[in-house]
Structures are given as C-alpha cells and as structure tokens.
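Per-entry structural report
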Amino acid sequence: MNPHAKLITILSLLAGTTITISSNHWMMAWTGLEINTLAIIPLIAKSHHPRAIEATIKYFLTQSAASALVLFSSMINAWLTGQWDITQLNHPLPCLMLTTAIAIKLGLAPFHFWFPEVLQGSHLTTALLLSTLMKFPPLTLLLMTSKSLNPTLLTTLAITSMMLGGWMGLNQTQTRKILAFSSISHLGWMALVIIYNPKLSLLAFLLYVVMTTAVFLSLNKIKVLKLSTMLISWTKTPTLNAALMLTLLSLAGLPPLTGFSPKWLIIQELTKQEMTPAATIAAMLSLLGLFFYLRLAYHSTITLPPNSSNHMKTWYTRKTPSTLTAILTSLSISLLPLSPVILTMT
C-alpha cells in the first residue's frame, strides 16, 4: 500500500474516532462514524485477495445499514423531542433503533455474523484495528446514552453475545476467527453492565484493548494464522510464545491475571444491582470462553502435537519482540494487584 495513502487512512481513522467521541450533536457523531467506515475499507481490501474483497463488501454493506439506522433514529428523536443532543434520547422508539444500530456496528449477537468473516479476510494488523479502535466510537455512543437505554434489551443482547461468542469459538481452527468470537463475548460483558456503571464498562473495554493488542501483535510477530502452525511456532520465539500463553489465559479471565479484574468487578456490580441471575449466567458462560482460550494456550506453549505435523519446523531466530508488545504483555499479566485502585476510580 502506498505510504501516503496509508498515512491518510490512519489520520482519517483518528479524525473519525475523535469527532464521534467528542461530539454532542447526532449529525457530527454520524459523520465521525462514516469517516471511520470509509477509512478502514482500503486497509481491509489492500491485499486484493478474493477473500479480502469479500470481507470489504460485507463490512461496507453492514456498516452502511447500521449508519443509516443511526441517522434514522436520530432524525426520529429530533422530530419527537425537538433537539439533536445525544444525551436527550427520551422516546422508546429511537432508543430501540439506536440500540439495534450500535449492536450491528459493534457485532453484538444476534447481529454478529459479519464480524468473524471480515476478520478472517483481513490482515492481522487490520483485524486488530477492527477489534479495538473501530469498537470505540459506537461504544462511546452507548456510554453517552446509557441512562436512556432499555435494560431488558441490553441484557438479552449481552447474554446472547456471551453465549454465542463462547459456543461458536469452540470448534474454530483459525486464530482470527477465534479472536473475533472472543471479541463478541467480551462485548457482551461490557453491554451487560453499561446501564448500571458506564465507567466500569469503559474500564473493561480498555483492559480488553490492552490484552487483545498484545495477542494480535504476538501472533503477527510469529506469523501464526491457524492452530496447526501455532503448534510448531515455539521454535521461533519460545519466550514470546510463553508470554502469549499467559496473555490468552488473562483474556479468559483466570486469576491472578489482569483479565480477572473486569469480570470480577462486573459480577460484583450486577450483584449490587440485584441481578444475581444475570451474574450467575455470565459466570457460567465464561467457562465456554475459557475452554477455547485454554486450547489456544495449549497450542502456544512449548508442546508438540501428539500426531505428526505436515508443517516444516522453523529455525530459532533471535528476533526480539517490540517494546510495545513487551509493555502490553506485561500489563495484560500483572495489573490485578491494582484492582483496589481501579475500584476507587469506578
């Protein structure tokens, strides 16, 4: 890809995100979302592979429908209330339409079908952007309108996302699809608590971004796209593979790693809000995700498959991971002792 085109694309992504998260007017927020959508499309399609082109078309059609629904809901809200302020979402009809539109943009179940396919057709760095940066503007709109949202609808979407994200990730062999279903499951945790404690939902998203970025950068470093190649990738960078195993277990939410903190705080908040059944279901569904994270972690450790592999063993290289990967991996593993400080902030 041309360096100038790549620079313009990245600047457009940052501009679109900044416009959306800093606006109070529905039209400005919608403009930022559109800039984001148009900026990420060249990055998805840059390889010119048929799968990449297919992923680009799927992403464009889905995001266009969601953007049209956002614009339609904001116009109906302005017609009913007489104002374009994002926080003044008082009527149930535009509230329902907006929740549906944001669920499509985020990839919440049952509107999640486009997300694994788009990630599978993208490069690992583009998949990282789709899983982290592109989720932030729609999530910001949910945070700003959280007081007006329908609790029953959001709880249903959240539990469905956790269930499908865990269940459909069980039989996947492609790492990008596994991380896509991981993203759907984590978004369910954020949506479950966003009405009762928006700051906690934002904290869960930030920790998810740290852990997912560490995983994607590690996979990009060792050039792993499927589980069969991950089995023999430890010969390249044994230390990085061991750190990747811990980061994956942190994504699963195992103590004493960082990923345990947001799930613990979310379950605690749900219990305070007298939503013990929802907290119990969420804790039970996290076991589904734990299974395929353990599967990934097993493949990333210094182990050989029980049967022979058709892939050639690669030589050990002394390429060290980048400083950013090392910092993010350290944060993904060791932030749990700071939970009391985080708790005072939320």
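Please read these numbers as outputs of a predicted model, since none were measured by experiment.

We now examine the overall build of the protein. Along the backbone of the protein there are 16 helices and zero strands. Computed over its C-alpha atoms, the radius of gyration of the protein comes to 20 Å, within 12% of the 20 Å expected for a compact globule of 346 residues. Once the C-alpha set of the protein is aligned to its principal axes, its extents read approximately 65 × 50 × 35 Å. Taking all 346 residues of the protein together, the buried fraction comes to 52%. In the form shown here, the protein has an accessible surface area of approximately 15,300 Å², with 70% of it arising from carbon and sulfur atoms.

With that settled, the discussion passes to the packing of helix H9 (residues 175-193) against helix H13 (residues 260-272). Between H9 and H13, the least distance of the axes is 10 Å, while the angle of their chain directions is 35°. Handedness of the crossing formed by H9 with H13: left-handed. Of the residues in H13, those in contact with His-186, Trp-189, Leu-192 and Val-193 of H9 are Lys-263, Ile-266, Ile-267, Glu-269 and Leu-270. Here the contact of H9 with H13 is built from residues that sort into six nonpolar, one polar and two charged.

How large an interface is tends to be reported as the accessible area lost when its parts come together. Here the protein is described as being made up of domain 1 (1-143) and domain 2 (150-308 + 318-345). Each of domain 1 and domain 2 has a C-alpha centre, and the two are 23 Å apart. Counting residues at the interface gives 29 residues for domain 1 and 34 residues for domain 2. Carbon and sulfur atoms supply 80% of the area buried between domain 1 and domain 2, which totals about 2,700 Å² over both sides. There are one salt bridge connecting domain 1 and domain 2. Seen at the junction of domain 1 and domain 2, the total is six residue pairs in polar contact (both at pLDDT 80 or more). Taken together, the elements giving at least two residues each to the side of domain 1 that touches domain 2 come down to helix H4 (92-106), helix H5 (114-120), helix H6 (124-131) and helix H7 (136-144). Residues belonging to the side of domain 1 that touches domain 2 are distributed by class as follows: 18 nonpolar, nine polar and two charged.

Next up on the list: the packing of aromatic side chains. In total, this model carries six aromatic pairs according to the counting rule given. Ring geometry for Phe-292 against Tyr-293: centres 4.9 Å apart, planes inclined by 40°, an arrangement best described as tilted. The burial state of Phe-292 is the same as that of Tyr-293; both residues are buried. Linked through ring pairs, Tyr-59, Trp-114 and Phe-115 together constitute an aromatic cluster. Looking at Lys-135, its charged tip hangs above the ring of Phe-115, at a distance of 3.7 Å from the centre.

Before going further, it helps to spend a moment on the UniProt feature "transmembrane region" (unreviewed entry) in the protein. Per the UniProt annotation, the sites labelled "transmembrane region" (unreviewed entry) are residues 57-76, 96-115, 152-171, 178-196, 202-219, 240-258, 278-298 and 322-343. Taken end to end, residues 240-258 is 68% helix and 0% strand, and its first and last C-alpha atoms sit 18 Å apart. For residues 278-298, the end-to-end C-alpha separation is 30 Å, with 100% helix and 0% strand making up the annotated structure.

Rules used in this analysis
- Residues numbered from 1 in each chain as written.
- Predicted model: local features only at pLDDT ≥ 70, side-chain atom pairs only at ≥ 80, totals over all residues.
- Heavy atoms only, no water.
- Helix = DSSP H or I, 4+ residues; strand = E, 2+ residues; numbered from the N terminus.
- Rg over C-alpha atoms; globule rule 2.2 N^0.38 Å.
- Buried < 20%, exposed > 50% of the residue type's maximum accessible area, 1.4 Å probe, protein only.
- Areas by Shrake-Rupley, 256 points an atom, 1.4 Å probe, with all protein chains shown as cover.
- Axes fitted to C-alpha atoms, helices over the stretch in contact; angles between N-to-C directions.
- Left-handed = near helix turned anticlockwise from the far one by under 90°.
- Contact = heavy atoms within 4.5 Å.
- Nonpolar A, V, L, I, M, F, W, Y, C, P; charged D, E, K, R; others polar.
- Domains from an automatic or database assignment.
- Buried area = accessible area lost by both parts, 1.4 Å probe.
- Salt bridge = Lys/Arg side-chain N within 4 Å of Asp/Glu carboxyl O.
- Polar contact = N/O pair within 3.5 Å; in protein donor to acceptor, adjacent residues only side chain to side chain.
- Phe/Tyr/Trp six-rings, centres within 6.5 Å; stacked < 30°, edge-to-face > 60°.
- Lys NZ or Arg CZ within 6 Å of the ring centre and 35° of its normal.
- UniProt positions renumbered as here; feature names shortened; annotations may be inferred.

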